[in-house]
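Each chain is listed here by its residues.
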Amino acid sequence: MKKSQIVLVIASVVAVVLLFVFGKVTAPKSAANQAPMAQQEAGAPPAIHFADILQKARQQLTPEQNQRILSLENAVTRGDVKDQQLHVYHQLARFWKDSAHVFEPYAYYMAQAAKLENSEKSLTFAAQLFVDNLLTENNPAMQHWLAENAKDLLDKALVLNPNNDSSKIGLGACYMFGNISDNPMQGILPVREIAQKDSNNLYAQMVLGLGGKKSGQLDKAIERFQFIVRKDPHNLEAIFQLAETYDMQGDKANAIHWYETAKNMINNDAIKKEIDKRINELK
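Reading the values: the criteria
- Residues numbered from 1 in each chain as written.
- Predicted model: local features only at pLDDT ≥ 70, side-chain atom pairs only at ≥ 80, totals over all residues.
- Heavy atoms only, no water.
- Helix = DSSP H or I, 4+ residues; strand = E, 2+ residues; numbered from the N terminus.
- Buried < 20%, exposed > 50% of the residue type's maximum accessible area, 1.4 Å probe, protein only.
- Expected span 1.5 Å × (residues − 1).
- Contact = heavy atoms within 4.5 Å.
- Salt bridge = Lys/Arg side-chain N within 4 Å of Asp/Glu carboxyl O.
- Polar contact = N/O pair within 3.5 Å; in protein donor to acceptor, adjacent residues only side chain to side chain.
- Axes fitted to C-alpha atoms, helices over the stretch in contact; angles between N-to-C directions.
- Left-handed = near helix turned anticlockwise from the far one by under 90°.
- Nonpolar A, V, L, I, M, F, W, Y, C, P; charged D, E, K, R; others polar.
- Parallel < 35°, antiparallel > 145°, perpendicular 65-115°, else oblique.
- pLDDT = per-residue confidence, 0-100.
- Core = buried A, V, L, I, M, F, W, Y, C linked by side-chain atoms within 4.5 Å.

Participant: Help me get a handle on the environment of lysine 273, residues and values and all.
Facilitator: Considering the arrangement of structural elements, one finds lysine 273 in helix 15 (residues 269-282). When its relative accessible area of 53% is taken as the criterion, lysine 273 is described as exposed.

Participant: Account for helix 5 (residues 82-99), with residues named and values stated.
Facilitator: When the terminal C-alpha atoms of helix 5 are compared, their 25 Å separation across 18 residues agrees well with the 26 Å that a helix rising 1.5 Å per residue should span. Inspection of helix 5 places Leu86, Val88, Tyr89, Leu92, Ala93, Phe95 and Trp96 among the buried residues, and these make up the whole buried set. Looking at the buried residues of helix 5, the elements they touch are helix 3 (50-58), helix 4 (63-78) and helix 6 (103-117). Backbone geometry just after helix 5 places histidine 101 at a positive phi near 60°.

Participant: Describe in detail the pattern of salt bridges, supporting the description with residues and values.
Facilitator: Here the structure, examined in full by the defined rule, presents 10 salt bridges. Close ionic contact of glutamate 73 with arginine 58 constitutes a salt bridge, the shortest N to O distance being 3.0 Å. Placement of the pair is glutamate 73 in helix 4 and arginine 58 in helix 3, with a sequence separation of 15 residues. Using a relative accessible area of 17% as the deciding quantity, one classes glutamate 73 as buried. On the basis of relative accessible area, arginine 58 is assigned to the partly exposed category, the value being 21%. Overlapping salt bridges bring together Lys115, Asp152 and Lys156 as one network.

Participant: Please set out helix 8 (residues 140-160) residue by residue, giving values where relevant.
Facilitator: At 3.6 residues per turn, the α-helix brings residues three or four places apart onto the same side. Its 21 residues place the ends of helix 8 30 Å apart at the C-alpha level, agreeing with the 30 Å of an ideal helix rising 1.5 Å per residue. Burial in helix 8 covers these residues: Ala141, Met142, Gln143, Trp145, Leu146, Ala147, Asn149, Ala150, Leu153, Leu154, Ala157 and Leu158. Elements in contact with the buried residues of helix 8: helix 3, helix 6, helix 7 (120-134) and helix 9 (165-177). Two to three positions downstream of the cap, the backbone nitrogen of alanine 141 sits 2.8 Å from a side-chain oxygen, assigning the N-cap of helix 8 to asparagine 139.

Participant: Give me the lowdown on the packing of helix 7 against helix 9, citing residues and values where you can.
Facilitator: Between helix 7 and helix 9, the least distance of the axes is 10 Å, while the angle of their chain directions is 35°. Relative to helix 9, the crossing made by helix 7 is left-handed. Facing helix 7, whose interface residues are Thr124, Val131 and Leu134, helix 9 presents Ser167, Gly170, Ala173, Cys174 and Phe177. In terms of residue class, the contact of helix 7 with helix 9 is made up of 5 nonpolar, 3 polar and no charged.

Participant: For the environment of lysine 220, give the residues involved together with the corresponding values.
Facilitator: Mapped onto the elements of the fold, lysine 220 is located in helix 12 (residues 218-231). On the basis of relative accessible area, lysine 220 is assigned to the exposed category, the value being 52%. Taking C-alpha positions, lysine 220 is 9.8 Å from leucine 210, a pair spaced 10 residues apart along the chain.

Participant: Hey, could you go over unusual backbone geometry for me, with residue numbers and the actual values?
Facilitator: Comment: phi is negative for the bulk of residues other than glycine, and the bulk of peptide bonds are trans. Phi is positive for asparagine 118, which is not a glycine, with a value near 55°. The residue asparagine 118 is located in the loop between helix 6 and helix 7 in this model. Classification of asparagine 118 by relative accessible area gives partly exposed; the value is 38%.

Participant: Outline the packing of helix 6 against helix 8, listing residues and values.
Facilitator: Closest axis-to-axis distance for the helix 6/helix 8 pair is 11 Å, and the angle between their directions is 20°. By the angle between their axes, helix 6 is roughly parallel relative to helix 8. The crossing of helix 6 and helix 8 is left-handed. In this structure, helix 6 contributes Phe103, Glu104, Tyr108, Ala111, Ala114 and Lys115 to the contact, and helix 8 contributes Met142, Trp145, Leu146, Asn149, Asp152, Leu153 and Lys156. Per-class residue counts for the contact of helix 6 with helix 8 are 8 nonpolar, 1 polar and 4 charged.

Participant: Which residues make up the confidence of the model for the protein chain, and what are the values?
Facilitator: Per-residue confidence for the protein chain averages 85 on the pLDDT scale, and 83% of its residues sit at or above 70. Considering only residues more than four positions removed or in separate chains, one finds that residues 1-42, a stretch of pLDDT under 50, has 89 contacts.

Participant: Got a sec to walk through the nonpolar core? Specific residues and values, please.
Facilitator: Within the largest apolar cluster, 83 residues are counted, with the highest numbers of intra-cluster contacts made by Leu92, Trp96, Tyr109, Phe130, Trp145, Leu153 and Tyr259. For this core, the element with the highest residue contribution is helix 8, accounting for 10 residues. Beyond its immediate stretch of four places on either side in the chain, leucine 153 contacts Ala111, Ala114, Lys115, Leu123, Ala126, Ala127 and Phe130.

Spelled out as structure tokens, the structure:
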């Protein structure tokens, strides 16, 4: 496991769940999965469609599980009452989470249910599933898919409550990390405004730190992550980001310090072993 994979595994509690409970599914690399170049913006990643994700995910299932999924999918189209469809979407989400352990269909069906319910709570919960995964995803096409789904939900949530700073920050993350705009400042500025208004908003500080890290502004990223750790000394995500960013800077001493700090907060022996490997590489 490389140092960057360590951060992906333990960047946050959510990331742990995504990588240890769910199996990562990537869209099939076929011509059918890629939009014609004439239909894509210059430099845009190839389009990912949920149908392709679902097809690949279903290849992992047993015949009995596939039959169960087919029955539930048919029930969605037959349901002529909102409550019936909502119930089936929740059943589909639970299946992909608890039985199949595949994240993308779980998040997708939670999103479908949230849109039907159309409450701020359900919309923001479903959106956060996509945003959390977006922040640890490296595939540009999958980043785009995650961000588009999160943005759709957050736009709806902000109609219900335009003053929800967490929704604004999540939306900013979509623009910053999701390849959905040629102007990432469209996402950075609202998040920066929230951080300036309330410096103790650690979610805003984290997103800005990750943005600085992605853009190569490592000193600024470190300042953000250090601020978070001062406010929340047990924030494992910020601690790992500090270790990774110092590592990227070539500051071995500080990288080792923060990797050691993170290791002492983790109970998983396999992860500790991988951190030790990285520390030994730095010595």
